[in-house]
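Architecture at a glance
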There are 2 protein chains.
Amino acid sequence: MAKRSVRLSRDTLIGCAMDLADAEGLEAVTIRRLAQENGVTPMAMYWHFNDKDSLLDAMAEHLITSVDLPEPTEEPWDVQLRAILGAILAALRPHPPAAGLAMRRVLNAEPGLKLAERVLELLSRAGLDPHRSANAATFLLCSVISLVAAEFTNRPEPEDQEHLVRQKKALLEALSPERYPRVIAAAPDLVNCFGQDDYFELNLDLLVQGVRALR
Amino acid sequence: MAKRSVRLSRDTLIGCAMDLADAEGLEAVTIRRLAQENGVTPMAMYWHFNDKDSLLDAMAEHLITSVDLPEPTEEPWDVQLRAILGAILAALRPHPPAAGLAMRRVLNAEPGLKLAERVLELLSRAGLDPHRSANAATFLLCSVISLVAAEFTNRPEPEDQEHLVRQKKALLEALSPERYPRVIAAAPDLVNCFGQDDYFELNLDLLVQGVRALR
DNA sequence: CCCGCAACTGTACGACGTACACCCGGTGCG
DNA sequence: CGCACCGGGTGTACGTCGTACAGTTGCGGG
């Protein structure tokens, strides 16, 4: 579509790939498609990225870099932890299809390392020994990511998204009411909660409070 | 490899697909490969499954069906919730590469609905209103799944798994120690914690305690 | 015996990642 | 001023994937 402005740069390609993912899902991010979108041969991509996986790496790094990590303060550890998790969430939410890319790759680049260091420090301040801190930190990061990424791995085309949601909700509500009363009552929330503000708020609280309860 | 015994059945195919995923990762589960593994033409698969996605659906359903959901007891809600999450974990752990399939598909079949109903009921007993119950239930299921699935989305060949782990750990330990002291100290745990018993135990506790703290 | 249908085959198409060979045009150096 | 270099891009080709469409088997019941 978009013709080549003058020269391709790695960063514009990454941005283009993110837009593609946001608009049509991660499966639309393709070497060929990315090339076509920039009016260029597929093989041209290999000048900027070693292979497709390193394109995905770059997207993940872009995502992690966009986390606006709050500076350390004198507030208690749980407030700060909550703020960090919130910052990660805020960075990922605009890009649900790409969010999952960040999972395996947090520790690949400097911003992710800084992030991990901060989380580990806060967990240690919360009273967790190093081993448990590491485990909990890993899990916290994974959880926040999956908060955003869930249900968007392999999303359908954006327009029948709403249609499918409606359909699934109807399907749930057609269940035998004596067997699954709560599922039926909760159908709208179960189907629709992804992407809602209070879904994120509630579960970030859950995580932070869970850490506190570990002692 | 394995020749056709006499006739193919949907269930044996699903089992074969799970074995394939366990042995070589989810990306090895291919219509063509599954056919070849059973000494048959790729197109033969389309008699048993509408398309690849419905094969994945079937694998997810198989996984969820294998959860040995404990019967309701008179124990307090948190004990029971913990038991249920543990049961899900136990069912998923033998199949890390396929675990992620269960995310979007829990509510597709009867066993998953039963599971959701039980969780919702326990959360309500914990004092959460229906809306928060639905949100928390969704998140709890996603989290348990991502406990297992994390780091195994797109795993490499099984033999250099260990090699990569070693490499990554070395890479982490080579960082500037004044900047990332905790990351470096935790390097073995950060890289290696996936699949460890205490990683799962700790984080299930975190989740259940987190729910309790929501009031 | 043979007919029907469940189960499987054969061939083909378009999309994907990517190896390998080639080439163009601007920049720096003699 | 000319030319060689090389960063960035082209063209072609291969093997793999999912799967559409049409044909073929063989077994069980009339």
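As a reminder, the structure under discussion sits directly above these lines.
If you tally the helices and strands in chain A, you get twelve helices and zero strands. When the helices and strands of chain A are listed from N to C terminus, the series reads α-α-α-α-α-α-α-α-α-α-α-α. Viewed in the frame of its principal axes, chain A has a C-alpha envelope of about 55 × 50 × 25 Å. Taking all 215 residues of chain A together, the buried fraction comes to 50%. Nonlocal contacts in chain A, meaning residues at least 24 apart in sequence, comprise 70% of its contacts between residues at least 6 apart. Accessible area of chain A: about 10200 Å², with a carbon and sulfur share of 53%. The centroid of the 23 positive side-chain charges in chain A is displaced by 4 Å from the centroid of its 31 negative side-chain charges.

A separate point is the protein's contact with DNA strand C. The environment of DNA strand C is made up of 17 residues, and the closest members are A:Arg32, B:Arg7, B:Thr41, B:Trp47 and B:His48. Sugar plus phosphate: this is where 58% of the atoms of DNA strand C within 4 Å of the protein reside. At 3.3 Å from a phosphate oxygen of DNA strand C is found a main-chain nitrogen or oxygen belonging to B:Leu8. One of the backbone nitrogen or oxygen atoms of B:Thr41 is found 2.7 Å away from a phosphate oxygen of DNA strand C. Broken down by secondary-structure element, the contributors of at least two residues to the surface near DNA strand C are helix H2 (31–37) of chain A together with helix H3 (45–48) of chain B. The residue inventory of the surface near DNA strand C, partitioned by class, reads eight nonpolar, three polar and six charged.

Our next topic: the protein's contact with DNA strand D. Near DNA strand D there are 16 residues, and of these A:Thr41, A:Met43, A:Trp47, B:Arg32 and B:Lys52 occur at the shortest range. Between a phosphate oxygen of DNA strand D and a main-chain N or O atom of B:Ile31, the distance comes to 3.2 Å. Of all the secondary structure elements, the ones that give two or more residues to the surface near DNA strand D are helix H3 (45–48) of chain A together with helix H2 (31–37) of chain B. Classifying every residue of the surface near DNA strand D gives eight nonpolar, three polar and five charged.

Each copy of the sequence occupies a distinct position, and chain A is placed on chain B by a rotation of 180° and an axial shift of 0.0 Å, giving an RMSD of 0.0 Å. What we have between these two chains is a two-fold relation. For chain A, the smallest separation between a C-alpha atom and the rotation axis is recorded for A:Gly210, amounting to 1.8 Å.

With that settled, the discussion passes to the interface of chain A and chain B. Counting from both sides, the interface comprises 53 residues of chain A and, opposite them, 53 residues of chain B. Where chain A meets chain B, there are zero salt bridges. The residue inventory of the side of chain A that touches chain B, partitioned by class, reads 28 nonpolar, twelve polar and 13 charged.

All names here are of chain B. Inspection of every chain in the model, using the stated rule, returns two cavities of 30 Å³ or more. Taken as a whole, the largest cavity spans an internal volume of roughly 80 Å³. If you go around the largest cavity, the residues you meet are Leu63, Ile64, Val67, Ile88, Leu92, Ala102, Val106, Leu115, Leu141 and Ile145. Only helix H4 (52–65), helix H5 (77–92) and helix H8 (130–149) provide two or more residues apiece to the lining of the largest cavity. Across the lining of the largest cavity, the residue classes break down as ten nonpolar, no polar and no charged.

Now for the pattern of salt bridges. Proximity of charged atoms lets side chains of opposite charge pair with each other. Within the structure shown, the criterion is met by 16 salt bridges over all chains. For A:Glu121, the salt bridge goes to A:Arg125, with nearest N and O atoms at 2.6 Å. A residue pair is termed a helical-turn pair when its members lie 3 or 4 positions apart in one helix, as A:Glu121 and A:Arg125 do in helix H7 (residues 110–125) at four residues. For A:Glu121, a relative accessible area of 22% corresponds to the partly exposed category. The partner of B:Asp197 in a salt bridge is B:Arg93, with the nearest N and O atoms 2.8 Å apart. With B:Asp197 in helix H12 (residues 197–213) and B:Arg93 in the loop between H5 and helix H6 (96–99), this pair connects stretches of sequence that are 104 residues apart. B:Arg93 sits in the partly exposed class, given a relative accessible area of 32%.

Moving on, we get to the packing of helix H5 (residues 77–92) of chain A against helix H8 (residues 130–149) of chain A. Working note: a packed helix pair is described by the angle between its axes plus the distance between those axes. Residues and elements named next belong to chain A. At a minimum axis separation of 10 Å, H5 and H8 run at an interaxial angle of 40°. Relative to H8, H5 is oriented oblique. Between H5 and H8 lies a crossing of right-handed hand. Counted together, Leu81, Leu85, Ile88, Leu89 and Leu92 of H5 and Leu140, Leu141, Val144, Ile145, Leu147 and Val148 of H8 form the full contact between these two elements.

Residues and elements named next belong to chain A. Where H5 contacts H7, the axes come no closer than 9 Å and their chain directions differ by 155°. Between H5 and H7, the interaxial angle falls into the category roughly antiparallel. For the element pair H5 and H7, the recorded crossing hand is left-handed. Of the residues in H7, those in contact with Trp77, Gln80, Leu81, Ile84 and Ile88 of H5 are Leu115, Arg118, Val119, Leu122, Leu123 and Arg125.

Procedures and definitions
- Every chain begins its residue count from 1, and numbering advances along the sequence as written.
- Just so you know, chain letters begin at A and ligand numbers begin at 1, following the order they were written in.
- Predicted model: local features are reported for residues with pLDDT of at least 70 only, side-chain atom pairs are reported and counted for 80 or more only, and whole-chain, interface and lining totals are derived from all residues.
- Computation of side-chain values: all heavy atoms of the structure, hydrogens and water removed.
- Helix and strand definitions here come from DSSP, where helices need a minimum of 4 consecutive H or I residues and strands a minimum of 2 consecutive E residues; each element is numbered from the N-terminal end.
- Per-residue accessibility, obtained with a 1.4 Å probe over protein chains only, is compared with the maximum for each type, and a residue is labelled buried under 20%, exposed over 50%, and partly exposed between these values.
- The contact rule is simple, with two residues in contact once any of their heavy atoms fall within 4.5 Å.
- Only the protein chains shown count as covering a residue, and every accessible area follows the Shrake-Rupley method with a 1.4 Å probe.
- For this count, His and the chain ends are skipped, Lys and Arg are scored as positive, and Asp and Glu as negative.
- Note on charges: their place is set at NZ of Lys, CZ of Arg, CG of Asp or CD of Glu.
- Nearness is defined per residue: one heavy atom within 4 Å of the molecule or strand is enough.
- By the criterion applied in these results, polar contacts are pairs of N or O atoms within 3.5 Å in which, for protein atoms, one can donate a hydrogen and the other can accept it, and in which residues neighboring in sequence qualify only through two side-chain atoms.
- Only Asp, Glu, Lys and Arg are considered charged, only Ala, Val, Leu, Ile, Met, Phe, Trp, Tyr, Cys and Pro nonpolar, and every remaining residue, Gly among them, polar.
- Least squares is the method for superposing the copies, and the C-alpha atoms it fits come from residues with pLDDT of at least 70 in both.
- One side-chain nitrogen of Lys or Arg within 4 Å of one carboxyl oxygen of Asp or Glu is enough to make a salt bridge.
- Buriedness of a pocket was judged along seven lines, with at least five required to meet protein on both sides within 12 Å; pockets are open sets of points on a 1 Å grid over the protein atoms alone, cavities are sets where a 1.4 Å probe fits but cannot get out, and lining residues have an atom within 4 Å of a point.
- Grid points are joined across faces, edges and corners, and a volume is the space filled by probe spheres set on the points.
- What counts as an axis is a line fitted to C-alpha atoms, over the stretch in contact for a helix, and the angles between N-to-C directions run from 0 to 180 degrees.
- In this scheme, roughly parallel covers angles under 35 degrees and roughly antiparallel covers those over 145, while 65 to 115 is roughly perpendicular and the rest are oblique.
- Here is the rule for handedness: rotate from the far helix to the near one, and if that takes an anticlockwise turn smaller than a right angle the crossing is left-handed, while a clockwise turn gives right-handed.

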